[in-house]
Amino acid sequence: MLEERERKNEFKETPFLPVSPEEVPPRPPSFPKKPSPKICGSNYPLSIVFIVVNEFCERFSYYGMKAVLTLYFLYFLHWSEDTSTSVYHAFSSLCYFTPILGAAIADSWLGKFKTIIYLSLVYVLGHVIKSMGALPILGGQMLHTVLSMVGLSLIALGTGGIKPCVAAFGGDQFEEKHAEERTRYFSVFYLSINAGSLISTFVTPMLRGDVQCFGKDCYALAFGVPGLLMVIALVVFAMGSKIYRKPPPEGNIVTQVVKCIWFAISNRFKNRSADIPKREHWLDWAAEKYPRQLIMDVKALTRVLFLYIPLPMFWALLDQQGSRWTLQATRMNGNLGFFVLQPDQMQVLNPFLVLIFIPLFDLVIYRLVSKCGINFTSLRKMAVGMILACLAFAVAATVEIKINEMAPPQPDSQEIFLQVLNLADNEVEVTVLGDENNSLLAESIKSFQKMPHYSRLHLKTKSQNFHFQLKYHNLSVYTEHSVEEKKWYTLIIREDGKSISSMMVKDEENKTTNGMTAMRFVNTLHEEINISLGTDSSLRVGKDYEVCKEESKSMTLRAEITLSSGDGSAFLNCNVYSNLNLSCSRYPAVPCRTKNEDFSLNLGLLDFGAAYLFVIT
C-alpha cells in the first residue's frame, strides 16, 4: 500500500510534446549521455546505490516521526482526540499536496537534483524544529505548539517536494537500452520504501516509550532519531553528486495538460453552431493548437482518472492507522505473550504485510489463479482489494463498538462513582445513608476484597457529605465523608485497634490524561517502604502523615496521605495516584526495601495509560 502511494506521486519523463513556441518554451537539449560507473560490471549504474539508500533513510525519517505524532499531540501537547486526529490528517494531506509544488520546481526551474538537495535541507530544518518542540524544558505549551506546527509545515514541504523527484531521478540514471534493469531498480526502490517504514514504525515507538527523559515519554528522542536519519539521507545523496546524470529542466507537463484541456473546453463553447460538425471526443477541439500525441495522452489520462474516484475514500480510511486506530490501541491489551505491542507500533503491520504479500501474490497466488484459467485482470484485482478493505474497516468498527461497551460510564452532573476496599481482617457491611437516614447503598465486603464495580450515587448539590455505617463483628461505626460531583472515589476501610476506621480518596478515571501509568500503593506494614521502579525511579511510602519528599525527574507525585493508629504502633499509607513513566510492559519483580528487609513485588502487566492500586501486606 505504501508503494502504491509513492507511485502516484511520481512525475516521470513523458512523451508529451510542446505545441508551439508561443505556448511552451523550446525543449532544452538533452543532457549528455556520458558513461557512468557500473555496479560490479553489470548494467546498473553505481549512482542508484546512493539514491536507494537515500530513499530508505528518508522513509525511515518520515514514517518514524509520523508513527508517534498522534500520541505526541494527545499526551505531550494535551490536545483532545478529535483535535489530534484533525491536525494529524491535515499534516498528511499537506505532505501529499506539496509533490505538485516539488514537481513544478524541478521541471520548470531547478531540475531534479537541485530540488532534492534544497528541499532536503528544508526537511532537515523541519525535523530539528520539531524535535525542539518536544523538549519539556524549552518553554511552555504555547511554544511547543508553535515549534511543532512550524516543524511539521517544513517537513511537509520537504518530504512532498522531493517525493516526485527521487524515483524519477533514479530512472534518469539508466540508458534507454537498459529498460529491463530500470524496471528492476524500481522494484528495489519500492522495497527500500517499505523496509524503511517497517523498521521505523517498530523502533520509534520503542524510543518513545522505553526511554525516559525529563520524567516523561521521550518524544524528543523519538523525533530526533528520524531527524538524524534525514541528515544521513541528505549526506548520502550528496556524496553521489559527481557520478549522477543530471537532466536539465524540461518544462512542467502539468501546465501543458491543463492548458490543453482549457483550450479544448473554451474552443468547444466558441463553436456551438449547429453548422459546425461534431467531433468524436471533446478533447479533439484542442487539435487546432496542440499536437495529436498530446491530445491522445490527455484522453488516456482522463480515462485513468475515472478509476481514481474511489481512492480518496480508501486513503482517508487507511490513513487512520496513525490516528484513530492508534488511539483505539491505547485502550487495548497489547500483550502478545512474547512481546508487548505499543499502541503506535500497530502501524508496523502495514509495511510488514506489504513486504510479505507482494512476493507472495506475484510468485504464488497470481500464478496459481492463472493456471486455473481465471483471467484476473488489474481491474479485478483492484475490485477484490477494495472489498477486502471494506471488510477490514468493518472489523475495526466492530472492535471499537466492543471497546466502548466495555468502557465504564462517566459520572454526570450531581453524580459520583464509589467503590469500597476492605483491608480489615474480617467481613464488613457498608451502608451509605441519605439525609433521611434511608439506605442509598448496602454492600457486604469480604476481607481484602473490594466491590466488584463502582456504584453510582446521586447528589443533591455539587458537593455533599455522605454518612456511612460500617458493621464489623459486633461493632457499628458511623463516619462522614465529603464528595464532589463528577468524581470517582474509593472508601478504604482498615483496622484501628479492635475497631475499624475509613478514609475517602479521590481516584483517577479509568485512563490517565497523559498516557503514563498511574499507580497508588497502600502500605499495611509497620515500616516505611522504598520501591524502585527503574534506574532513576523510586517511590517512598512513608508513615505518620509525612508528605512524600521524592523529587525524581521520572515521576510526578501529587500527594501522599498517611493514616496512623492512635498509639502510633500501626499505620496505613495511601498515595494518591502517582504518574510514573512506566511503559506498557510486564514488571514481575519490582525491588522494594524496608529498614531490615529487601523483597520484590510482582506488578504484572501494566497497560498503556491505565490506573492501578497495589496493596502491600
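So, here's what we can say about the structure. These figures come from a predicted structure and were not determined experimentally.

Conventions used here
Residues numbered from 1 in each chain as written. Predicted model: local features only at pLDDT ≥ 70, side-chain atom pairs only at ≥ 80, totals over all residues. Heavy atoms only, no water. Helix = DSSP H or I, 4+ residues; strand = E, 2+ residues; numbered from the N terminus. Buried < 20%, exposed > 50% of the residue type's maximum accessible area, 1.4 Å probe, protein only. Contact = heavy atoms within 4.5 Å. Areas by Shrake-Rupley, 256 points an atom, 1.4 Å probe, with all protein chains shown as cover. Pairing = 2+ DSSP bridges. Axes fitted to C-alpha atoms, helices over the stretch in contact; angles between N-to-C directions. Disulfide = S-S within 2.5 Å. Salt bridge = Lys/Arg side-chain N within 4 Å of Asp/Glu carboxyl O.

### Focus on the overall build of the chain
When helices and strands are tallied, the chain shows 15 helices and 23 strands. Every one of the 617 residues in the chain was classed for burial, and the buried ones make up 47%. Once local pairs closer than 6 in sequence are excluded, the contacts in the chain between residues at least 24 apart make up 68%. When the accessible surface of the chain is split by element, carbon and sulfur atoms take 61% of a total near 30,800 Å².

### Brief notes about the pairing of strand 8 (residues 463-472)
For a regular strand, the rule is simple: side chains alternate between the two faces of the sheet. Here strand 4 (residues 428-433) runs beside strand 8; their pairing, made up of six bridges, is antiparallel. For V430, the partnering residue across the bridge sits in strand 8 and is L470. The sheet contact formed by strand 8 and strand 9 (residues 475-484) spans 10 bridges and is antiparallel. Among the inter-strand pairings, Y472 is bridged to a residue of strand 9, identified as L475. Two successive antiparallel strands, strand 8 and strand 9, enclose a turn made up of two residues, where H473 displays a positive phi of approximately 55°.

### Topic: the sheet that holds strand 13 (residues 529-532)
The four strands are arranged 14-13-20-21 in an open sheet whose pairing can be described as antiparallel. Edge strands, defined here as strands with exactly one partner in the open sheet, are strand 14 (538-541) and strand 21 (598-601). With strand direction ignored, the average angle separating the axes of adjacent strands in the sheet is 25°. Where strand 13 and strand 20 (residues 590-593) come together, two bridges link them in antiparallel fashion. Its bridge partner lying in strand 20, N530 is registered against R593.

### Considering the state of the cysteines
Throughout this description, disulfide means a covalent bond between two cysteine sulfur atoms. All told, the structure shown has one disulfide when counted by the stated rule. Covalent S-S linkage joins C213 and C218, the inter-sulfur distance amounting to 2.0 Å. Sign of the S-S torsion, about 120° for the bond between C213 and C218, identifies this disulfide as right-handed. For the pair C213 and C218, a shared accessibility class is recorded, and that class is buried.

### Points about the pattern of salt bridges
Per the counting criterion, the structure on display carries 16 salt bridges. Here R182 makes a salt bridge to E176, at a shortest N to O gap of 3.5 Å. With a shortest N-O distance of 3.9 Å, K402 and E405 are connected by a salt bridge. Taken as a pair, K402 and E405 lie in helix 15 (residues 378-406) at a separation of three residues, close to a single helical turn. According to the relative accessible area criterion, E405 is exposed, its value standing at 55%. One salt-bridge network, held together by shared partners, links E55, E58 and R59.

By themselves, these figures tell us nothing about what the structure is for.
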